[in-house]
Amino acid sequence: LDRAGSMSAPLANVKVRQAINYAFDRPALLKALGDGYGSVTTQIFPTYSPGYDSSLDSYYSYDPAKAKQLLAEAGYPNGFTLSMPEASALGASTYALIAQQLEAVGIKVNYTTYTGNGIFTAILAPKYPATFFILQEDPTAWQESQFVIAQTATWNPFHDANAAVAGYIKAIQTGSAAQAATATKQLNQYLVQNAWFAPFFRQQSSFVSDKNTKVTVQAGNALPYLWNIVPS
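None of these values were measured; they are calculated from a predicted model.

Undergrad: Explain the pattern of salt bridges to me, using residue names and the numbers behind them.
TA: Scanning the model with the defined rule gives four salt bridges in all. Lys 15 is the salt-bridge partner of Glu 73, the closest N and O atoms lying 3.1 Å from each other. Note that Glu 73 is positioned in helix α3 (residues 64-73) and Lys 15 in helix α1 (residues 14-23), a separation of 58 residues in sequence. By relative accessible area, Lys 15 is classed as partly exposed at 31%.

Given below as structure tokens:
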């Protein structure tokens, strides 16, 4: 969240953010946290987005040695401490695994525990420079931008301003369909290469129905709409 380093100075350095991405064993996290149901990725745009790039699903491999090297190059050879919130509702094992993999490269995690909805207020205040959280992939690039990327986005609580990102979002808003698609690809690539986020995997939504019922999953929605559950 704190890509300008106002609360945690190390996060202002792109090499530190990249090191964080190299620290995570995404296939292992998918198996441990998602029971294998999903697909690993390092991008936040969905597969049906015009900005989706399959190569960005594996832009950061699991490479602790590379992570340590980048931290040293950034001026943190002995690592640093990162404060984050945790909530048992999101899974205690999740936070334990995140801390374990970050500490393996020298980043010590200092958690503060929240119950109920308190973690939402803490994250969006913002009280912490980084956090684990589960967010949706929005159906359109404009929605995704307004949700988590743009300076005024709810899930950009530090309201970081970035001229390159703002330019891409403007083209998505006002350009032709072709221009918007190109801008979405450029925005996606910029976010991944500059390690704005550290995604683990896309969760697979699974639904069970009998042989007489057809269920169609709605892109961008957590559950199938009622009218997408019909007799075969």
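Undergrad: Provide a residue-level description of the nonpolar core, including the pertinent values.
TA: Core analysis: the biggest nonpolar cluster contains 57 residues, and Met 84, Ile 98, Leu 102, Ile 107, Ile 149, Leu 187 and Leu 191 have the highest contact counts within it. Looking at which element gives the most residues to this core, the answer is α1, with five residues. Discounting residues that sit within four places of it in the chain, Met 84 has contacts with Ile 98, Leu 102, Val 109, Asn 110, Tyr 111, Thr 112, Tyr 128, Ala 130, Thr 131 and Phe 132.

Undergrad: Describe in detail the packing of aromatic side chains, supporting the description with residues and values.
TA: Under the definition given, this model contains 13 aromatic pairs. Taking the centre distance of 6.1 Å and the plane angle of 90° together, the rings of Tyr 114 and Tyr 128 count as edge-to-face. Taken together, the residues Tyr 114 in strand β3 (residues 107-114) and Tyr 128 in the loop between α5 (118-124) and α6 (141-149) connect sequence positions 14 residues apart. Each of the two residues, Tyr 114 as well as Tyr 128, counts as buried. One aromatic cluster is present, formed by Phe 24, Tyr 95, Tyr 111, Phe 132 and Phe 200 through successive ring pairs. Of note, Arg 3 hangs over the ring of Trp 196, and the distance from its end group to the ring centre comes to 3.9 Å. Positioned above the aromatic ring of Phe 197, the side-chain terminus of Arg 3 is 5.3 Å from the ring centre.

Undergrad: Outline the environment of Gln 146, supporting the account with residue identities and numerical values.
TA: Tracing the sequence through the fold places Gln 146 in helix α6. Among the residues examined, Gln 146 registers a relative accessible area of 29% and is labelled partly exposed. Put simply, Gln 146 and Asn 156 are 10 residues apart on the chain and 9.2 Å apart in space, counted from C-alpha to C-alpha. The contacts of Gln 146, once residues within four sequence positions are left out, are Thr 152, Ala 153, Thr 154 and Ile 169.

Undergrad: Account for the pairing of strand β2 (residues 80-87), naming residues and giving values.
TA: Among the eight residues of β2, six are classified as buried, and the element is accordingly described as predominantly covered. Strand direction decides the pairing type here: β2 and β3, joined by eight bridges, are parallel. Considered in β3, the bridge of Ala 87 is made with Tyr 114. Once you follow β2 into helix α4 (residues 92-103) and on to β3, the crossover reads as right-handed.

Undergrad: Residue-level account of the side chain of Thr 94, with values.
TA: Mapped onto the elements, Thr 94 comes out in helix α4. The buried category is assigned to Thr 94, whose relative accessible area is 6%. A polar contact of 3.4 Å, which involves the side chain of Thr 94, links it to the backbone oxygen of Leu 90. Not counting residues up to four positions away in its chain, the partners in contact with Thr 94 are Leu 33 and Phe 132.

Undergrad: Any details on the packing of α6 against helix α7 (residues 163-174)? Residues and values, ideally.
TA: Close contact between α6 and α7 brings their axes to 9 Å; oriented N to C, the two are set at 145°. As for how α6 packs across α7, the hand of that crossing is left-handed. The segment α6 lies against α7, with Ala 141, Trp 142, Ser 145, Gln 146 and Ile 149 engaging Val 165, Ile 169, Ile 172 and Gln 173. Across the contact of α6 with α7, the residue classes break down as six nonpolar, three polar and no charged.

Cut-offs used in this document
Every chain is numbered on its own, with residues counted from 1 as its sequence reads. Totals for whole chains, interfaces and linings use all residues, but because this is a predicted model, local features are given only for residues with pLDDT of at least 70 and pairs of side-chain atoms are given and counted only at 80 or more. By convention in this description, side-chain values take in all heavy atoms of the structure and omit both hydrogens and water. The term salt bridge refers to a pairing of a side-chain nitrogen on Lys or Arg with a carboxyl oxygen on Asp or Glu at a separation within 4 Å. The numbering of helices and of strands both runs from the N terminus, where a helix is a DSSP run of H or I of at least 4 residues and a strand a run of E of at least 2. Working definition: with a 1.4 Å probe on protein chains only, accessible area under 20% of the residue-type maximum means buried, over 50% means exposed, and in between means partly exposed. Only buried residues count toward a nonpolar core, which is a set of Ala, Val, Leu, Ile, Met, Phe, Trp, Tyr and Cys residues joined through side-chain atoms within 4.5 Å. We call two residues in contact whenever any of their non-hydrogen atoms come within 4.5 Å of each other. For Phe, Tyr and Trp, rings pair up if their centres lie within 6.5 Å, where Trp contributes its six-membered ring, and each pair is then called stacked (planes under 30 degrees apart), edge-to-face (over 60) or tilted (otherwise). Placement of a charge over a ring requires the Lys NZ or Arg CZ to be within 6 Å of the ring centre, with the centre-to-atom vector within 35 degrees of the ring normal. By definition, two strands form a pair when at least two bridges between them are found by DSSP. By convention a crossover is right-handed if, when the strands point away from the viewer, the path from the first strand over the helix to the second runs clockwise. Polar contacts, as counted here, are pairs of nitrogen or oxygen atoms within 3.5 Å of one another; within protein the pair requires one atom able to donate a hydrogen and one able to accept it, and residues that are adjacent in sequence qualify only if both atoms are side-chain atoms. Only the contacting stretch of a helix is used when fitting its axis, a line to C-alpha atoms as for every element, and angles between N-to-C directions run 0 to 180 degrees. Each crossing gets its handedness from the near helix: less than a right angle anticlockwise from the far helix is left-handed, clockwise is right-handed. In this classification, the charged set is Asp, Glu, Lys and Arg, the nonpolar set is Ala, Val, Leu, Ile, Met, Phe, Trp, Tyr, Cys and Pro, and all remaining amino acids, among them Gly, are polar.

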